[in-house]
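Below are the chains, spelled out letter by letter.
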Amino acid sequence: MGKYALGQPVWRAEDQRLLKGGGRFVDDVVLPRMAYGVVVRSPHAHAVIRSIDTTAAKAAPGVLTVLTHADWQASGFGDLPNAKGRKRRDGSDSYVTPITPLVRDRARRVGDPIAFVVAGTRDQAQDAAERVEVDYDPLPSVTDTAAASAPGAPLVWDDCPDNICFVHLGGDKQAADAAFGNAAHVISHTFVINRVIAAAMEPRACVGDYNPAEDHYTLYTTAQGVHPYRSTLANRVLRVPENRVRVVAQDVGGSFGMKSNIYAEGPLCLLASMILHRPVKWTSTRAEAFLSDNHGRDLIAEVSLALDADDNFLGVKVNAIANLGAYCTNSTPNPAVNNIGSVAGVYKTPVITVDVTGVFTHSNSTAPYRGAGRPEAAFMIERIIDIAADELGVDPVVLRRKNTIPPDAMPFKTGLNLTYDCGEFQKNLDMALAAADYHGFEARRAESRARGKYRGFGLSNTIERAAGPGIEGSELRFDRSGTATILAGSVTGGQGHETIYKQIVCDRLGLEMDDVHYVWGDTDKVPFGHGTGGSRSATHGGNAVALATEKVLEKATALAAHLLEVDVGDVAFEDGVFSSPLSNCSLTIGEVASAAANPANLPDGMEPGLMATGVRRAKVANFPNGCHVVELEIDEETGAVEVLNYQVVDDVGVVLNPLLLAGQIQGGAGQGLGQVLLENIAYDPQSGQLNSGTFLDYAMPKASHFSAITVQSNPVPTDTNPLGVKGAGEAGAVGALPAVANAVVDALSPLGVRHVPMPATPERIWRLIQEVKAGSGDGGGRAHGLRRG
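Source: prediction; values computed, not measured.

A few words now on the confidence of the model for the chain. Averaged over all residues, the pLDDT of the chain equals 95, while 98% of them reach at least 70. pLDDT under 50 marks residues 777-789. Its contacts with residues more than four places away, or in other chains, come to 42 contacts.

We now examine the environment of Lys259. Along the chain, the position of Lys259 falls in the loop between strand E11 (245-248) and helix H7 (265-276). With a relative accessible area of 0%, Lys259 lands in the buried category. Not counting chain neighbours up to four residues away, the residues in contact with Lys259 comprise Ala200, Glu202, Pro203, Arg204, Thr222, Ala223, Gln224, Val252, Gly253 and Gly254.

Moving on, we get to the packing of helix H15 (residues 537-564) against helix H16 (residues 589-596). Contact geometry of H15 with H16 gives a least axis separation of 10 Å together with a crossing angle of 85°. Compared by their axis directions, H15 and H16 come out roughly perpendicular. Residues Ala556, Leu559, Ala560 and Leu563 of H15 form the contact with H16, whose participating residues are Ile589, Val592, Ala595 and Ala596. Looking at the contact of H15 with H16 residue by residue, the classes come out as eight nonpolar, no polar and no charged.

As a further point, take H15. For H15, which comprises 28 residues, the first-to-last C-alpha distance of 38 Å matches the rise-based estimate of 40 Å (1.5 Å per residue) to within 8%. Looking one or two residues beyond H15, the residue adopting positive phi is Glu565, at roughly 60°.

Below, the discussion takes up the state of the cysteines. Per the counting criterion, the structure on display carries zero disulfides. Here Cys328 is not disulfide-linked; the sulfur of Cys165 is the nearest cysteine sulfur, at 4.1 Å. For Cys328, a relative accessible area of 1% gives the class buried.

A few words on the pattern of salt bridges. A full pass over the atoms with the stated rule returns 50 salt bridges. Here Asp137 ties to Arg50 by a salt bridge, and the two come within 2.7 Å at their closest N and O atoms. You can see Asp137 sitting in strand E6 (residues 133-138) and its partner Arg50 sitting in strand E2 (residues 47-53), a full 87 residues away along the chain. Exposure remark for Asp137: the relative accessible area of 29% places this residue in the partly exposed category. Look at Arg50 and you get exposed, because its relative accessible area is 52%.

This next bit is on the nonpolar core. Formed by 194 residues in total, the largest nonpolar core has its most connected members in Phe116, Leu233, Tyr420, Phe478, Ile634 and Leu748. The element best represented in this core is helix H18 (residues 731-748), accounting for 11 residues. Excluding residues within four positions of it along the chain, Leu233 makes contact with Leu219, Leu238, Arg239, Val245, Val247, Ile262, Pro267 and Leu270. The next biggest cluster of nonpolar side chains, apart from the first, holds 13 residues, and it includes Ala199, Ala200, Tyr369 and Tyr698.

Turning our eyes to something else, we now look at helix H10 (residues 374-392). With 19 residues, H10 extends 27 Å between its outermost C-alpha atoms, agreeing within 8% with the 27 Å of an ideal straight helix rising 1.5 Å per residue. Within H10, 17 of the 19 residues are buried, which leaves the element mostly enclosed by the surrounding structure. Immediately beyond the C-terminal end of H10, within one or two residues, lies Gly393, with a positive phi of roughly 75°.

Right, let's talk about the sheet that holds strand E21 (residues 516-520) for a bit. Strands in a sheet are paired, the pairing made by backbone hydrogen bonds, and the direction either parallel or antiparallel. Here four strands make up an open sheet; going across it, the order is E21-E20-E19-E25 and the pairing mixed. Looking at strand neighbours, the two that pair on one side only are E21 and strand E25 (610-618), the edges of this open sheet. Strand-to-strand, the axes of this sheet are offset by a mean angle of 15°, without reference to chain direction. Here nine bridges tie strand E19 (residues 470-478) to E25, and the two strands are oriented antiparallel to one another. By the bridge assignment, Gly470 is partnered in E25 with Ala618. Across the sheet, H15 is in contact with E19, strand E20 (484-488) and E25; its angle to E25 comes to roughly 145°.

Let's shift gears to a nonpolar patch on the surface. On the surface, Ile471, Phe528 and Val615 cluster together to form a nonpolar patch covering roughly 220 Å² of accessible area. Inspection of the secondary structure puts Phe528 in the loop between E21 and H15.

So, how was this worked out
- Sequence order as written defines residue numbering, which begins from 1 separately in each chain.
- With the structure being a predicted model, the display of local features is reserved for residues of pLDDT at least 70 and the display and counting of side-chain atom pairs for 80 or more, all residues being used for whole-chain, interface and lining totals.
- Side-chain calculation: all heavy atoms of the structure are included, whereas hydrogens and water are not.
- Each residue gets a pLDDT score, which is the predictor's confidence in that residue and runs from 0 to 100.
- Residue contacts are defined here by distance: any two heavy atoms, one from each residue, within 4.5 Å place the two residues in contact.
- Secondary structure elements follow DSSP: runs of H or I no shorter than four residues count as helices, runs of E no shorter than two count as strands, and numbering proceeds from the N terminus.
- The classification of residues rests on relative accessible area computed with a 1.4 Å probe and restricted to protein chains. Under 20% of the type maximum is buried, over 50% is exposed, and intermediate values are partly exposed.
- Only the contacting stretch of a helix is used when fitting its axis, a line to C-alpha atoms as for every element, and angles between N-to-C directions run 0 to 180 degrees.
- To sort the angles, those under 35 degrees are grouped as roughly parallel, those over 145 as roughly antiparallel, those from 65 to 115 as roughly perpendicular, and the leftovers as oblique.
- We call Asp, Glu, Lys and Arg charged. Ala, Val, Leu, Ile, Met, Phe, Trp, Tyr, Cys and Pro are nonpolar, and the rest, Gly among them, are polar.
- How far a helix is expected to stretch is found by multiplying one less than its residue total by 1.5 Å.
- Throughout, disulfides are identified as pairs of cysteine sulfur atoms within 2.5 Å of each other.
- For this analysis, a salt bridge means a side-chain nitrogen from Lys or Arg found within 4 Å of a carboxyl oxygen belonging to Asp or Glu.
- Grouping buried Ala, Val, Leu, Ile, Met, Phe, Trp, Tyr and Cys residues that are joined through side-chain atoms within 4.5 Å yields what is termed a nonpolar core.
- By the convention used here, strands pair only if DSSP detects at least 2 bridges between them.
- Patch definition: residues above 30% relative accessible area lacking any salt bridge, with like charges linked at up to 9 Å and the nonpolar side chains Val, Leu, Ile, Met, Phe, Trp and Tyr linked at up to 5 Å.
- Computed with a 1.4 Å probe, the accessible areas rest on the Shrake-Rupley method; for each residue, only the protein chains presented here act as cover.

Given below as structure tokens:
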């Protein structure tokens, strides 16, 4: 209704507070008598710990306690969550890694936590941490994904003799083998999808506060969902009833999946608080984040595409090795396994088979990072299509069009058993190409070449599985004055939850934004919830808010009918006002809410108050999809890349707020572009040391690396949820990774370049240009054939 109606570009409600310094981040939490913790971390990628001497550290000024594994073990607390339930190739159970907050006798990565020093100030704790003496016996290490399972590779776990944690098999291998046997063309390539870090604006942090009088634990932390976090923390780690644990996550300054796990520092702060009877805070430094945060991506995949003589796709094969790091956390397998389905793409490929091996290395654990396997899978299919087009001499757009699933094929079951319910994939492609002036590109390429630049045009037409089966909760309460409060189970990480949830309530009930208060991220306040992740906040959280709103409206309508002295069927509700043609009176929703607080105003059998809970239970996922088109130039002399034009056409179902949607798509696209062109976690292959452990070495994208990113919508509402929405939070990253990579390769295609490894840094591109020129003499080579005809 009105200016806050769904579909309107309502400005973010939370921005006024955030821009004025009113954010409530963990490091803003200051409690009486609060102490500060610092983690002592291993400087070795692999080492036996002979001894730990904390004597000097405990004697340092201001030190309150120094914890080691022995203290954790003595507490009776449990290990951190790990992954179970998968299989190895021979059918045996996957290897399960114990994960303790402080390691005991072996360090398995640079940054492994050895001790936890607590002092009156952070500086005192840091000074004392440097006095902890650890006797290490360094051992050989392996950090390279391909080398991890090679014969003779150093073992991460002595009783896991090949460093293989699990093997995931999907699709129909027998049918795929048959399809490949009958193929006229088989195109194959091995892709290395490099490791990156989330680098959230707010580093991880926590404050543990144990109340001995009540035997109660409170943890302020950076998390994506407080209710499941509390459940696991209480039951598995602290081993206490959930009602003795409170978890609070207010403003979370970015997460992208990285903050979804229970890390060591939160339980350590709680243990230290229990020992000291005072709150304990830990805040990561930026350099420490590189050593302690879960990383993302890191996958090697051999991808093969089979085609018949008419260029129809017959089958896809993927053989991948996923680098899990040293510890398989409860979310580590998800990207490589749960979201590999995006490799089917928007194409009619009848058979697909995937073979994913998860390997241990002496490195940080990997876990979901924006897209959580979807960008990797989209990269595989969209890059192999471009390579196939190049080898077959056809326009990559024509090849895509020929094999795209038409709307009348819906519902469509892919070769990996995902069922797409709706989508107009061809229209996405056509709209994006028109916006990018596809047919005028060759003239622009020639103009760039005359200036010593290589111009490239890259695209991707991708789809992802979002908002999988799950639950989410919310509550809507009206107070006696007629204003409302939303209590939401989702936890915001900067996406704009407050805005969209308020917008749903205002749209349905005719309220002003200022009439609605928003509460989230506190297990003592929000009665039920799950959290944020997998592009689920609009689908699950939004529908939960809508459900609570509908229940409130139903009761309010019944009460309004009683107050207006008419039947319920004779009551109309519009723009926040109840009226009836049988009465000359009308009531606002606020007036009805005020009346609901007085039992004298209620009909028999109606409880006082106007409030309702809504719990969304989703049984199926939805499938957002879209086309990204990128145009860029590469400087022949420096290898520098300049993005000139970036067009996106996305289908996220019903668009609740186009302003927020554009921000989500643009942010995701920025992270995809950053990985393709700049970002890279690099380990020294001999020592296992992290060579890109600060922003001096890990290149983050800046505004100057982007052009404007124009976002159009082609909404095809889904019937999988009442709002008709599809996930949007990860779509930008899914499409960007292959689109930007395809544009880089296309720019260099006149030189005969077939693939450019990530990240395509200026140095890497410059060296590639020099090598190609030195080999050919004139920089020649076959360009993509039959393009843009």
